[in-house]
Each structure stands twice: as C-alpha cells, then as structure tokens.
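Structural features, examined
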Amino acid sequence: GDQSYTATSPILGPINPGDSLTYDYRYTNWSAGTVGTMLSEGDSLEVQISTDCGETYTTVQTVDMNNHITSNVMTNRLVDLDAYAGEFINIRFQATWGAGDYWIDIDNINIIGCF
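An account of the accompanying structure is given in this report. (Residues numbered from 1 in each chain as written. Predicted model: local features only at pLDDT ≥ 70, side-chain atom pairs only at ≥ 80, totals over all residues. Heavy atoms only, no water.)

Moving on: the pairing of strand S3 (residues 44-50). The two faces of the sheet receive side chains in turn, since in a regular strand these alternate between them. Of all seven residues in S3, six are buried; the element is thus mostly enclosed. Here S3 runs beside strand S4 (residues 58-64); their pairing, made up of six bridges, is antiparallel. By the bridge assignment for S4, Leu45 is matched with Val63. Pairing of S3 with strand S6 (residues 90-96), which is carried by seven bridges, proceeds in the antiparallel orientation. Across the sheet, the residue bridging to Glu46 is Gln94, located in S6. (Buried < 20%, exposed > 50% of the residue type's maximum accessible area, 1.4 Å probe, protein only. Helix = DSSP H or I, 4+ residues; strand = E, 2+ residues; numbered from the N terminus. Pairing = 2+ DSSP bridges.)

Summed over all chains, the structure comprises one salt bridge. Salt-bridge contacts for Arg26 lead to Asp105; the nearest nitrogen and oxygen are separated by 2.7 Å. Pair noted here: Arg26 is in strand S2 (residues 20-28) and Asp105 is in strand S7 (residues 103-112), with a separation of 79 residues, a long-range link. (Salt bridge = Lys/Arg side-chain N within 4 Å of Asp/Glu carboxyl O.)

To continue, consider the side chain of Ser9. Within the secondary structure, Ser9 is located in the loop between strand S1 (4-8) and S2. By relative accessible area, which is 18% here, Ser9 ends up buried. Beyond its immediate sequence surroundings of up to four residues, Ser9 is in contact with Asn90 and Ile91. (Contact = heavy atoms within 4.5 Å.)

Let's shift gears to the nonpolar core. The biggest cluster of nonpolar side chains holds 18 residues, and the ones touching the most others in it are Tyr23, Leu45, Val47, Leu81 and Ile91. Within the residue set of this core, elements represented by two or more residues are S2, S3 and S6. When residues in this core are grouped by element, the largest group, four residues, is from S2. (Core = buried A, V, L, I, M, F, W, Y, C linked by side-chain atoms within 4.5 Å.)

This part covers the sheet that holds S7. With respect to topology, three strands assemble into an open sheet ordered S5-S2-S7, the strand pairing being antiparallel. Of all the strands in the sheet, the pair left with one neighbour each is strand S5 (75-80) and S7. For this sheet, the mean inter-axis angle between neighbouring strands, taken without regard to orientation, is 25 degrees. (Axes fitted to C-alpha atoms, helices over the stretch in contact; angles between N-to-C directions.)

This part takes up the environment of Asp82. Here Asp82 shows up in the loop between S5 and S6. Counting along the chain gives 67 residues from Asp82 to Ile15, while the straight-line C-alpha distance between them is 8.0 Å. Not counting residues within four places of it along the chain, the set of residues in contact with Asp82 comprises Pro17, Gly18 and Asp19. From its side chain, Asp82 meets the backbone nitrogen of Gly18 in a polar contact 2.6 Å long. (Polar contact = N/O pair within 3.5 Å; in protein donor to acceptor, adjacent residues only side chain to side chain.)

This brings us to the sheet that holds S3. Read across the open sheet, the four strands follow the order S1-S6-S3-S4; overall the sheet is antiparallel. One side of each edge strand has no neighbouring strand; the edge strands of this open sheet are S1 and S4. Along the sheet, successive strands turn relative to each other by an average axial angle of 15 degrees, direction set aside.

Following this line, the structure appears as structure tokens:
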C-alpha cells in the first residue's frame, strides 16, 4: 500500500576524483522476479545525493518510463561522482509508485574508485 520507498546510506567518503556509484535494479511483476514490468506515468527510481548529512538531497539520476529497460534480469546503472570529489556524502534511493502492480529490486550498490 505504500506509494514510496526510501533507502539511505550511511555517510560515505571522502569521494575521490574518478569514483562512480554503480547499482543494479529491476521491476518485476511478482516477487519471484520471472517477468519484467513496464513502468507507467509516475513510476520512478531516483538516486539522490546529500553533502549536508542528509538535510537536503539532489537527484543525480532518474529511472522512469522513458529510460527503464523492461527485463527480469538486473540492469546495471552508473552514476559519475566527480562532482562530489573531496566530499562526504549520503546516497538515497527513492522509489515512487505511480500505477500498476510490481516489485522493485535494488542490489549490488557499490562505489567504484581508482586507488
């Protein structure tokens, strides 16, 4: 019955030049994840970043009906973090339900860096 879902990381950092956030996601028609689901108007998954300990967030990537890949296989996404070099950040995943009946999976959340 909830129309939104939020998952927030602890503080991460400092972020280095060349670091990226990667994650996998999928929308499926039921919990077994065997059939991918098309998104409708109002459905979205936003990746948001805070540099002020979670007081405010900026959306840095949105998955919606215009760029979602319908599949029961996890889709990998990348977010360039160069704009946050030297910063300590929180990352928030904000999923919003608009219509339809589906499950969302988010997995393999990593910050990839060059050391």
